[in-house]
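Fold and geometry: a report
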Amino acid sequence: MLTETASQTAGPYLHIGMMPAAAGLDVAWGQGWNVLAGPDTQGRRIRLEGIILDGTDSVVRDAMVEIWQADGNGRYPHPEDRQDKAGDGAFRGFGRTAADFQTGLWWFDTIKPGAVQGRHGTVMAPHVNVAIFARGINIQLNTRIYFADEAEANAKDPVLRLVEQEKRRETLLARLEERQGQPVYRFTVHLQGELETVFFDV
Amino acid sequence: MERLGEYRARNREIHPPAYFPDYKTSVARSPRKPLVALQQSLSEITGPVFGRDLLHPLDNDLLLNGKVNQEPVGERIIVHGRVLDENALPVPDTLIEIWQANAGGKYRHVNDHYVAAADPNFLGCGRTLSDADGWYRFRTIKPGPYPWRNRLNDWRPAHIHVSIFGHAFVTRLITQLYFEGDPLLRHCPIYRSIPDEGARERLVAKLDLGETIPLDTIAYRFDIVLRGRRQTPIENKLQGA
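Residues numbered from 1 in each chain as written. Chains lettered and ligands numbered in written order. Predicted model: local features only at pLDDT ≥ 70, side-chain atom pairs only at ≥ 80, totals over all residues. Heavy atoms only, no water.

1. Let's talk about a negative patch on the surface
Residues and elements named next belong to chain B. Residues E13, D196, E197 and E201 make up a contiguous surface patch of negative charge. Tracing the chain through its elements places E13 in the segment before α1 (25-29). With relative accessibility at 65%, the residue E13 sits in the exposed group. (Patch = residues over 30% accessible without salt bridge, like charges linked within 9 Å, V, L, I, M, F, W, Y side chains within 5 Å. Areas by Shrake-Rupley, 256 points an atom, 1.4 Å probe, with all protein chains shown as cover. Salt bridge = Lys/Arg side-chain N within 4 Å of Asp/Glu carboxyl O. Lys, Arg positive; Asp, Glu negative; His and termini not counted. Charge placed at Lys NZ, Arg CZ, Asp CG, Glu CD. Helix = DSSP H or I, 4+ residues; strand = E, 2+ residues; numbered from the N terminus. Buried < 20%, exposed > 50% of the residue type's maximum accessible area, 1.4 Å probe, protein only.)

Shown next as structure tokens:
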């Protein structure tokens, strides 16, 4: 058996390779990957936005955030999702963006995912899978974003229930704000400290 | 969910710890509470699929993809290798993205203020998909080492950043490729953040005379290993695993 290649930090210049326009390069690739909902995508359109705070409560402004989520029906656009439900051909499930160099804000225009089948007949509440990369982060941090207005589904979610301290489950909730009639879910990541976000070993 | 398709647990002993104080930025950016261990579900064993329609012909040729009036300054190199999983099976059709400094150690990035000269003919980014047998190849120049603000006299060894997906969200990996014989390696806190010596050395690309193009381009070999499935059920082979 072989051993996995070791991770190294993505560093401060990660934009060059993954979002060249953000680095200031005139390269078309990697643009627009924070817009997951196209004109034909089914489901409720939402904006998902957030910031990342370090252990001194300073905003992290050089991070990259990647998300992977199911479509509005709760199906992943991937051959190994064999759930018996229709998939949305107009949704690719993957998003990538960079924190703003000034404000640290990152955002995605996407749809609210449906519930997905979990292990052993359970149902997972709607959620978005997240990986965070940045200078000073030696291996990506994996977390999940759940939706605060799905209290009933969240209470039954097998992954949230794995988090022993109920108070810490709240670190995984994005909260709904209406902004100019558009639903915006806001999620704050705390890398460290009292409010440290739950990170998963997946 | 059926157990089909689950990946082996990540062996965290071969990865750098989140908190590694010699790399100062990690101090305030490292979680201090234990990770919550998750048994994989569909959310973990699926992941983004990228097609060849994404790519342009010069995307993996950094000698040409930023060329304005001449090829970039520096030592012409080929970087190539194979993407395998822990079960030694090839990982085909997976997206690989790279980025690097120019020959003088300067990045083409709005936030890089190092005094070294910019090279207008070099972007420093490339991408490709592995082929059906997991092979990939880039043409580029050897990046230069550069100083960075950590301890006062820290220098990064020459390196290329490598980002790779695999076929699931949990196989995602970002690492750095180094070059055989670089004396800065033993002083570099980022390289040394990897606790396992063997794991460190596997990040060092080896001179590959066999793939070198005489009188033209030197080749380096760099193989990448991604997490593998706990078992290899027949059904999965349909997906080319």
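There's more to say after this.
2. Some points on unusual backbone geometry
Phi angles above zero are rare outside glycine, and H120(A) is one such case at about 50 degrees. Position of H120(A) relative to the elements: it lies in the loop between β5 (116-117) and β6 (123-124). Unlike most non-glycine residues, L215(B) shows phi in positive territory, near 60 degrees. For L215(B), the position within the fold is in the loop between β10 (204-207) and β11 (218-221). On the basis of relative accessible area, L215(B) is assigned to the exposed category, the value being 95%.

3. Some points on the pairing of β11(B)
Residue and element names in this part refer to chain B. Two strands pair when backbone bridges link them, and strand β2 (residues 76-85) and β11 are joined in this way by 4 bridges, in the parallel orientation. For I77, the partnering residue across the bridge sits in β11 and is I218. The pairing of β10 with β11 spans 2 bridges and is antiparallel. Note that in β11 the partner of L207 across the bridge is Y220. (Pairing = 2+ DSSP bridges.)

4. Comments concerning the packing of aromatic side chains
Two numbers describe a pair of aromatic rings. These are the distance of the centres and the angle of the planes. Going through the model one piece at a time under the given rule, you end up with 14 aromatic pairs over all chains. Aromatic pair F94(A) and F165(B): ring centres 5.4 Å apart, planes at 85 degrees, arrangement edge-to-face. Taken together, the positions of F94(A) in strand β3 (residues 94-98) and F165(B) in the loop between β8 (159-164) and β9 (173-179) put the pair across two chains. A relative accessible area of 1% places F94(A) in the buried class. (Phe/Tyr/Trp six-rings, centres within 6.5 Å; stacked < 30°, edge-to-face > 60°.)

5. Things to note about the pattern of salt bridges
A full pass over the atoms with the stated rule returns 25 salt bridges over all chains. Across the pair D109(A) and R47(A) runs a salt bridge whose closest N-O atoms are separated by 2.9 Å. With a gap of 62 residues between them, D109(A) in strand β4 (residues 106-111) and R47(A) in strand β1 (residues 45-53) connect regions that are remote in the sequence. R29(B) is the salt-bridge partner of D62(A), the closest N and O atoms lying 2.9 Å from each other. Separated into two different chains, D62(A) in the loop between β1 and β2 (64-69) and R29(B) in helix α1 make up a pair that spans both. For R29(B), a relative accessible area of 8% corresponds to the buried category. Put simply, E49(A), E177(A), R179(A) and R186(A) are held in one network by salt bridges that share partners.

6. Re the side chain of N121(B)
All names here are of chain B. With respect to the secondary-structure elements, N121 resides in the loop between β3 (95-100) and β4 (125-129). Side-chain polar atoms of N121 contact the backbone nitrogen of N69, separated by 2.9 Å. At a separation of 3.4 Å, a polar atom in the side chain of N121 contacts the main-chain amide nitrogen of Q70. Not counting chain neighbours up to four residues away, the residues in contact with N121 comprise G66, K67, V68, N69, Q70, E71 and P72. (Polar contact = N/O pair within 3.5 Å; in protein donor to acceptor, adjacent residues only side chain to side chain. Contact = heavy atoms within 4.5 Å.)

7. Structural notes on the environment of E180(B)
Residue and element names in this part refer to chain B. With respect to the helices and strands, E180 occurs in the loop between β9 and α3 (189-192). Along the primary structure E180 and N153 are separated by 27 residues, whereas in three dimensions their C-alpha atoms are 22 Å apart. A distance of 2.8 Å separates a polar side-chain atom of E180 from the backbone nitrogen of L207.

8. Thoughts on the interface of chain B and chain A
Between chain B and chain A, the contact holds 89 residues from the first and 81 residues from the second. Here chain B packs against chain A, burying approximately 7,400 Å² in sum over the two surfaces, 57% of which is carbon and sulfur. Connecting chain B to chain A are 8 salt bridges. For D201(A), the salt bridge identified is with R12(B), shortest N-O distance 3.0 Å. Linking chain B with chain A are 44 residue pairs in polar contact (both at pLDDT 80 or more), by the criterion used here. Of the residues assigned to the side of chain B that touches chain A, the class counts are 44 nonpolar, 23 polar and 22 charged. The sheet contact formed by strand β11 (residues 200-201) of chain A and strand β1 (residues 36-37) of chain B spans 2 bridges and is parallel. Within the sheet, the bridge partner assigned to D201(A) lies in β1(B) and is A37(B). (Buried area = accessible area lost by both parts, 1.4 Å probe. Nonpolar A, V, L, I, M, F, W, Y, C, P; charged D, E, K, R; others polar.)

9. Quick notes on the confidence of the model for chain B
Residue and element names in this part refer to chain B. Of the residues in chain B, 94% reach a pLDDT of 70 or more, and the chain-wide mean stands at 94. Confidence drops under a pLDDT of 50 for residues 234-241, and excluding neighbours within four residues, the segment shows 18 contacts in the predicted structure. We note a pTM of 0.96 for the whole complex and an ipTM of 0.97 for its interfaces. (pLDDT = per-residue confidence, 0-100.)

10. As for the side chain of H161(B)
Its place among the elements puts H161(B) in strand β8. Accessibility expressed as a relative area gives 3% for H161(B), which makes it buried. Side chain to side chain, H161(B) and H159(B) meet in a polar contact 3.2 Å long. If we skip the residues at most four places from it in the chain, H161(B) touches T9(A), A10(A), E97(B), I98(B), W99(B), Y107(B), T175(B) and Q176(B).

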